[in-house]
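# Observations on chain architecture
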Amino acid sequence: MMLILGGAASGKRTYLLSLGYGPEDIADGVLDEKKVLYGLEKLVFADPEGAQALLPALLQKEVVVCAEVGSGVIPIRYEQRQAREATGRLCVQLAAQAEKVVRLVAGIPTVIKGE
Amino acid sequence: MMLILLTGGSACGKSTYGENLAAQGPKPLYYIAAMQPFDDECLKKIARHRALRKDKGFETVERYTAVDILQLPKTGGTALLECLCNLTANEMYIQPETPVDPVEKVVAGVENLRRQTDTLIVVTNDVGSDDEDYSEETRAYIRYLGEINARVADMADRVYELVAGIPICLKGETV
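Attention here is on the structure that accompanies the text. Residue numbering note: each chain is counted from 1, following its sequence as written. Working convention: letters from A go to chains and numbers from 1 go to ligands, in the order in which they are written. Local features in this predicted model are restricted to residues whose pLDDT is 70 or higher, and side-chain atom pairs enter the listing and the counts only when it is 80 or higher, whereas totals over whole chains, interfaces and linings include all residues.

Turning next to the sheet that holds strand β1 (residues 2–6) of chain A. Strand pairing in a sheet relies on backbone hydrogen bonds, with the paired strands running either antiparallel or parallel. Residues and elements named next belong to chain A. Here the rule is simple: two strands pair whenever DSSP picks up at least two bridges between them. Each helix is a run of DSSP H or I of at least 4 residues and each strand a run of E of at least 2, with the numbering of both proceeding from the N terminus. Taken together, the six strands give an open sheet; going across it, the order is β2-β3-β4-β1-β5-β6, and neighbouring strands pair in mixed fashion. Two strands in the sheet have a free side with no partner beyond their single neighbour: β2 (26–28) and β6 (108–113). Recorded for the sheet is a direction-independent mean angle of 20 degrees between the axes of neighbouring strands. Strand direction decides the pairing type here: β1 and strand β4 (residues 63–67), joined by five bridges, are parallel. Within β4, the position partnered with M2 by the bridge is V63. Here, axes are lines fitted to C-alpha atoms. For helices the fit covers the stretch in contact, and angles between N-to-C directions go from 0 to 180 degrees.

In structure tokens, the structure reads:
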């Protein structure tokens with residue numbers, strides 16, 4: 001499994017498409033049979049408490065793409081804080097098991113784990 | 001006298017990485033906890049952090065303010081200061097109605113701990129990568145913590161940003 005991370009509008013989708021994946025391979029914010037899950041953060045924000053249960057299915061994907069949502073001021077709303085933290089923790093677990101982790105900054109991919 | 005600064009967003013793996021790094025350092029190991037148990041959520045966080053570092057051999061020193069005059073029980077070991085974001089808020093709101101500039105106090109706190117330890121690991125948070133849609137007071141906090149982060153990074157031998165538990169070396173050598 002490859003994990004692609006980066007802030008909002010950092011170039012994650014462009015990078016994903018450059019790897020040869022097409023729209024037919026990409027599931028946007030839903031967990032289905034497709035090779036790529038794009039927007040893991042949407043799934044977690046919809047149900048932060050269920051985040052952990054997603055892990056086995058995510059590990060079966062070829063690629064998981066998640067926005068980095070943990071930076072900036074800690075939100076005042078409890079639910080928002082929980083969702084941010086659940087996203088971060090899930091990404092730590094995914095990264096630990098991923099063969100490769102790529103982080104996008106201003107459209108530039110940096111391999112931070114693997115070849 | 002090694003100073004290591006760890007930064008990153010919420011739940012990026014800073015604490016776990018910091019604890020594991022500290023556990024490899026010279027003994028004794030001190031965990032300097034700056035988070036005040038205000039409410040249930042803080043208590044849960046504190047309990048989670050305690051569970052994470054259980055069996056790693058830390059002696060916990062709860063210190064919410066005035067780290068600049070903190071005297072560790074013994075000098076020469078390793079200390080993990082967690083974290084500058086809490087310490088900064090605590091110093092800023094030491095009198096809640098009249099916030100003060102906490103920068104010198106917090107930086108002096110890091111300098112004080114550094115003098116007493118062989119290895120000092122400091123955890124902070126990236127609160128500036130966000131929009132500007134906040135109150136004047138919150139923006140002041142962002143500026144103060146940004147200045148503190150820059151000053152501590154300048155003093156530090158190594159600075160790492162944690163991304164999903166992976167350390168990215170921003171200063172010094174990669175371990």
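Still more ground to cover, so stick around.
A word on the nonpolar core. By definition, a nonpolar core groups buried Ala, Val, Leu, Ile, Met, Phe, Trp, Tyr and Cys residues that are joined through C-beta atoms within 7 Å. Partly exposed residues are those falling between the two cut-offs: more than 12 but fewer than 20 other C-beta atoms within 10 Å of their own, whereas 20 or more means buried and 12 or fewer means exposed, with C-beta atoms placed from the backbone. Counting residues in hydrophobic clusters, the biggest one holds 75 residues, and the most contacted among them are A:L3 and A:V65. Here this core gets six residues from one element, more than from any other, and that element is helix α4 (residues 78–97) of chain A. Those residues in contact with A:L3 that lie beyond four places of it in its chain are A:V64, A:L94, A:A95, A:A98, A:V101 and B:A164. Whether two residues are in contact is decided by their C-beta atoms, placed from the backbone, lying within 7 Å.

All names here are of chain B. Two elements in contact, helix α3 (residues 84–92) and helix α4 (residues 103–116), have axes separated by 9 Å at closest approach and are oriented at 135 degrees. In terms of orientation, α3 and α4 fall into the oblique class. Like other packed secondary-structure pairs, α3 and α4 cross with a definite hand, here right-handed. Residues L84, L87, T88 and E91 of α3 pack against K105, V106 and G109 of α4. We call two directions roughly parallel when the angle between them is under 35 degrees, roughly antiparallel when it is over 145, roughly perpendicular when it lies between 65 and 115, and oblique otherwise. Put simply, a crossing is left-handed when the front helix is turned counterclockwise from the back one by less than a right angle, and right-handed when it is turned clockwise.

Attention shifts here to the pairing of strand β5 (residues 100–105) of chain A. Strand residues, when the strand is regular, have side chains that alternate between the two faces of the sheet. Residue and element names in this part refer to chain A. Here β1 runs beside β5; their pairing, made up of five bridges, is parallel. Pairing of L3 across the sheet is with V101, part of β5. Taken together, the five bridges between β5 and β6 define a ladder with antiparallel strand orientation. Its bridge partner being in β6, V101 is matched across the sheet by K113. Taking the residues that link successive antiparallel strands as the turn, the β5-β6 hairpin has two residues, and the phi of A106 there is positive, at about 50 degrees.

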